[in-house]
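Residue strings, one per chain:
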Amino acid sequence: MPQLLETYSDESLVAEAKAGSSACFEELVRRYQVRLARFVMRSVNREDADDVVQDAFVQAYLNLSRFDPKYRFKTWLFVIAQRLTIDRHRRRRVTANIENHSLASNDRPEHRAETDERSAMLWSVARRELGDEVYRAVWLHYVEDLSTTEIAKVLDRSWVWVKTALHRARRKLSPHLRPLVDGEYRKSGEAWQTT
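What you are looking at is a predicted structure, and each value in this text was computed from that prediction instead of being measured. (Residues numbered from 1 in each chain as written. Predicted model: local features only at pLDDT ≥ 70, side-chain atom pairs only at ≥ 80, totals over all residues. Heavy atoms only, no water.)

Asks: Got a minute to help me understand the confidence of the model for the chain in this structure?
Replies: Note that predicted coordinates carrying low pLDDT should not be read in detail. On average, residues of the chain score 77 in pLDDT, and 74% of them are at 70 or above. Element-level pLDDT for the chain is lowest in helix H9 (residues 183–187), with a mean of 40, against a maximum mean of 92 in helix H2 (residues 22–40). Throughout residues 93–106 the model reports pLDDT below 50, and contacts reaching past four residues in sequence, or to other chains, amount to 25 contacts. (pLDDT = per-residue confidence, 0-100. Helix = DSSP H or I, 4+ residues; strand = E, 2+ residues; numbered from the N terminus. Contact = heavy atoms within 4.5 Å.)

Asks: Help me out: how do you make sense of the packing of aromatic side chains in this one?
Replies: Following the criterion strictly, the structure yields 9 aromatic pairs and no others. Seen in terms of ring centroids, Phe25 and Tyr61 are 5.0 Å apart; in terms of plane orientation they differ by 65°. Their pairing is edge-to-face. Here Phe25, found in helix H2, pairs with Tyr61, found in helix H3 (residues 46–62); they are 36 residues apart in sequence, far enough to count as distant. On the basis of relative accessible area, Tyr61 is assigned to the partly exposed category, the value being 42%. Ring geometry for Trp123 and Tyr135: centres 5.8 Å apart, planes at 90°, overall edge-to-face. With Trp123 in helix H5 (residues 113–129) and Tyr135 in helix H6 (residues 132–142), the pair connects residues that are 12 residues apart, well separated along the chain. Grouping residues by exposure puts Trp123 and Tyr135 together as buried. The aromatic ring of Tyr135 is capped on one face by Arg127, whose charged end is 5.0 Å from the ring centroid. Its guanidinium or amino end placed over the ring of Tyr71, Lys153 lies 4.6 Å from that ring's centre, counting from NZ or CZ. (Phe/Tyr/Trp six-rings, centres within 6.5 Å; stacked < 30°, edge-to-face > 60°. Buried < 20%, exposed > 50% of the residue type's maximum accessible area, 1.4 Å probe, protein only. Lys NZ or Arg CZ within 6 Å of the ring centre and 35° of its normal.)

Asks: Looking at this structure, I do not really get the packing of helix H1 (residues 10–18) against H2. What am I missing?
Replies: Angle between the axes and distance between the axes are the two parameters that describe a pair of packed helices. Contact pair H1 / H2: the axes reach a minimum separation of 8 Å and the direction vectors enclose 140°. In terms of orientation, H1 lies oblique with respect to H2. The two elements H1 and H2 meet at a crossing, and its hand is left-handed. Only Cys24, Phe25, Glu27, Leu28, Arg31 and Tyr32 of H2 make contact with H1, whose side of the interface consists of Asp10, Leu13, Val14, Glu16 and Ala17. When its residues are assigned to classes, the contact of H1 with H2 shows 7 nonpolar, no polar and 4 charged. (Axes fitted to C-alpha atoms, helices over the stretch in contact; angles between N-to-C directions. Parallel < 35°, antiparallel > 145°, perpendicular 65-115°, else oblique. Left-handed = near helix turned anticlockwise from the far one by under 90°. Nonpolar A, V, L, I, M, F, W, Y, C, P; charged D, E, K, R; others polar.)

Asks: It is not clear to me how the environment of Arg35 should be interpreted in this structure. Could you clarify?
Replies: Counting through the fold element by element, Arg35 comes out in helix H2. The class of Arg35 is partly exposed, set by a relative accessible area of 25%. Separated by 109 residues in the primary sequence, Arg35 and Glu144 place their C-alpha atoms 7.4 Å from one another. Leaving out residues up to four positions away in the same chain, Arg35 has contacts with Lys74, Phe78 and Glu144.

Asks: Just checking my understanding: could you explain the pattern of salt bridges for this structure?
Replies: Opposite charge on two side chains lets them pair, provided their charged atoms get close. The full count for this structure, using the stated rule, is 10 salt bridges. In this structure, Glu27 and Arg30 form a salt bridge, with 2.6 Å as the shortest nitrogen-oxygen distance. Of the two residues, Glu27 and Arg30 are both situated in helix H2; the distance of 3 residues between them amounts to about one turn of the helix. A salt bridge links Glu150 to Arg72, with the shortest nitrogen-to-oxygen separation between them at 2.9 Å. With Glu150 in helix H7 (residues 148–155) and Arg72 in the loop between H3 and helix H4 (73–92), this pair connects stretches of sequence that are 78 residues apart. Salt bridges linked by common partners bring Asp10, Glu27, Arg30 and Arg31 together as one network. (Salt bridge = Lys/Arg side-chain N within 4 Å of Asp/Glu carboxyl O.)

Here it is, written out as structure tokens:
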């Protein structure tokens, strides 16, 4: 039966986890652990990110009964992680240096080095040119594939702010990114488009 959990929707897994299935919650953790870590590491260092991700899953588990199924589990989880990240910043007053704490530092295989380098350069330009909150909105949209409404919920902003921020970010970054985004990069399946 555990092999079949991969075919379950998030909603089904949440319903089963609410009913007491630890295997279903473990499948949710498996689905989102890396993605959540990548998002959180855009604001904090690796060690803090590990703590935030763990705390986010603990909070999600403890509050499953409060989860509203009219929202996507993914969005709810990212809201929890975003709030924990903000809390960590407030407590520690740490300024994160995203380029120095990227997942790219030592987890990538050699055969993907060129593509990974372009991706790192792309996000480095975005990090340098955009404010922290706009950068997070861009990351959630292009990497995590969240809708503007979901991003608004994660960042506690209006959907109009998100749409405007994404539009302005694309316009602002377009001249910087054209040299990086060539035909090979577009074909690689990376999520950024400058058009």
